[in-house]
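Here is what each chain is made of, one letter per residue.
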Amino acid sequence: MDNFWSLVITSLVSPLALGLAGVMWKFLEKRLNLRINELENNFKDKNAKTKKDVGAIYNVIAALLSNLQASRVYIMQPHPLGKNEYISVIFEVTDMGVMPIKDKLIDFPAANMPCFVGDISQRDFLFYKNISLLKGERSRAFFTNTGSESLIVKRLRDDKNDWIGSIIVDCMEETQMAPDYAKNILRAAADKIQFILPPVESI
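Computed from a predicted model, the values in this text were never measured in an experiment.

Cut-offs applied
Residues numbered from 1 in each chain as written. Predicted model: local features only at pLDDT ≥ 70, side-chain atom pairs only at ≥ 80, totals over all residues. Heavy atoms only, no water. Helix = DSSP H or I, 4+ residues; strand = E, 2+ residues; numbered from the N terminus. Buried < 20%, exposed > 50% of the residue type's maximum accessible area, 1.4 Å probe, protein only. Contact = heavy atoms within 4.5 Å. Pairing = 2+ DSSP bridges. Axes fitted to C-alpha atoms, helices over the stretch in contact; angles between N-to-C directions. Parallel < 35°, antiparallel > 145°, perpendicular 65-115°, else oblique. Nonpolar A, V, L, I, M, F, W, Y, C, P; charged D, E, K, R; others polar. Lys, Arg positive; Asp, Glu negative; His and termini not counted. Salt bridge = Lys/Arg side-chain N within 4 Å of Asp/Glu carboxyl O. Polar contact = N/O pair within 3.5 Å; in protein donor to acceptor, adjacent residues only side chain to side chain. Phe/Tyr/Trp six-rings, centres within 6.5 Å; stacked < 30°, edge-to-face > 60°.

1. Quick look at the overall build of the protein
Helix and strand counts for the protein come out as five helices and six strands. When the helices and strands of the protein are read in sequence order from the N terminus, they spell out α-α-β-β-β-α-β-α-β-β-α. Out of the 203 residues belonging to the protein, those deemed buried represent 39%. A separation threshold of at least 6 residues defines the contact pool for the protein, and within that pool the share at least 24 residues apart is 59%.

Structure below.
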């Protein structure tokens, strides 16, 4: 008899759970689309091509946020280009309830995180399963204070192979993702972004 009622309850609860999950996903998808539209509107004074590029960039990093189950996805850009004295985050999307990092990284002196900035400017792909693997006490302290547990970084380049920024997938729980899987996903994302990414000075 107990088995019978267990089967009955399961048959009733499972469709309900699936239905609630579907409703929740639609809500999150709508919220993310509204957020992308809001961010795009911040660039309303720019020319049509720049606005189109900005929309494309936000769509790519929003897809990364969802597909890689990250807390934040953002693009860290050096400026002025060639000198790389500062780093700023202009493009960022976050999961629900997660504080953005961009407010902490506007005109941030690169010299304050020399090891981290040096690594991401030179290396094509970096996978920090745990923040403790970061080089440099200042870098570890900064990302610990933002709640980060794992970072995945893909270098962005121009047609001369100069560093113009990095896509950073930021997870507030230690990721269980396979590095090779993340590398392939981020390589495809970089191909869509790196040749349309506007420099900080022009934004």
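Past the structure itself, the notes keep going.
2. Considering the sheet that holds strand β5 (residues 150-157)
Strands sit in the order β3-β2-β1-β6-β5-β4 across an open sheet of six strands; the sheet is antiparallel. Both outer strands of the open sheet, β3 (108-109) and β4 (125-128), are each paired with one neighbouring strand and no more. Relative to β3, strand β2 (residues 86-94) runs antiparallel, the two being bridged by two bridges. Of the residues in β3, the one forming a bridge with tyrosine 86 is proline 109. Contacts from helix α2 (residues 48-67) reach β1 (72-79), β2 and β6 (163-171), with the element oriented near 65 degrees to β2.

3. Describing the packing of α2 against helix α5 (residues 179-193)
Where α2 contacts α5, the two axes come as close as 9 Å, and the packing angle between them is 170 degrees. As the angle between them shows, α2 and α5 are arranged roughly antiparallel. In contact with Ile57, Val60, Ile61 and Leu64 of α2, α5 contributes Ile185, Leu186, Ala189, Lys192 and Ile193. For the contact of α2 with α5, the class distribution of residues is eight nonpolar, no polar and one charged.

4. What about the side chain of arginine 155?
Relative to the helices and strands, arginine 155 resides in strand β5. In this structure, arginine 155 is buried with no salt-bridge partner, the nearest side chain bearing the opposite charge being aspartate 162 at 5.9 Å. Of note is the side chain of arginine 155, whose polar atom sits 2.7 Å from the backbone oxygen of serine 121. Here arginine 155 is in contact with Ile120, Ser121, Gln122, Arg123, Asp124, Asn161, Asp162, Trp163, Gly165, Ser166 and Gln194, once residues within four sequence places are set aside.

5. Regarding the pattern of salt bridges
Scanning the entire structure with this criterion turns up two salt bridges. Here arginine 72 makes a salt bridge to aspartate 170, at a shortest N to O gap of 3.1 Å. Note that arginine 72 is positioned in strand β1 and aspartate 170 in strand β6, a separation of 98 residues in sequence. Neither residue differs from the other here; arginine 72 and aspartate 170 are each classed as buried. Residue aspartate 124 pairs with lysine 154 through a salt bridge whose shortest N-O separation is 2.9 Å. You can see aspartate 124 sitting in the loop between α3 (114-122) and β4 and its partner lysine 154 sitting in strand β5, a full 30 residues away along the chain.

6. What about unusual backbone geometry?
A cis amide bond links histidine 79 to the next residue, proline 80, at an omega of -10 degrees. Topologically, proline 80 is positioned in the loop between β1 and β2. Backbone geometry at asparagine 84 places phi at a positive 55 degrees, although glycine is not the residue there. For asparagine 84, the position within the fold is in the loop between β1 and β2.

7. What about the packing of aromatic side chains?
All told, the structure shown has four aromatic pairs when counted by the stated rule. On the numbers, 5.1 Å between centres and 85 degrees between planes, the contact of phenylalanine 142 with phenylalanine 143 is edge-to-face. Among the aromatic residues, those joined into a ring-pair cluster are Phe108, Phe116, Phe142 and Phe143.

In short, the description is geometric, and any link to function would need to be established separately.
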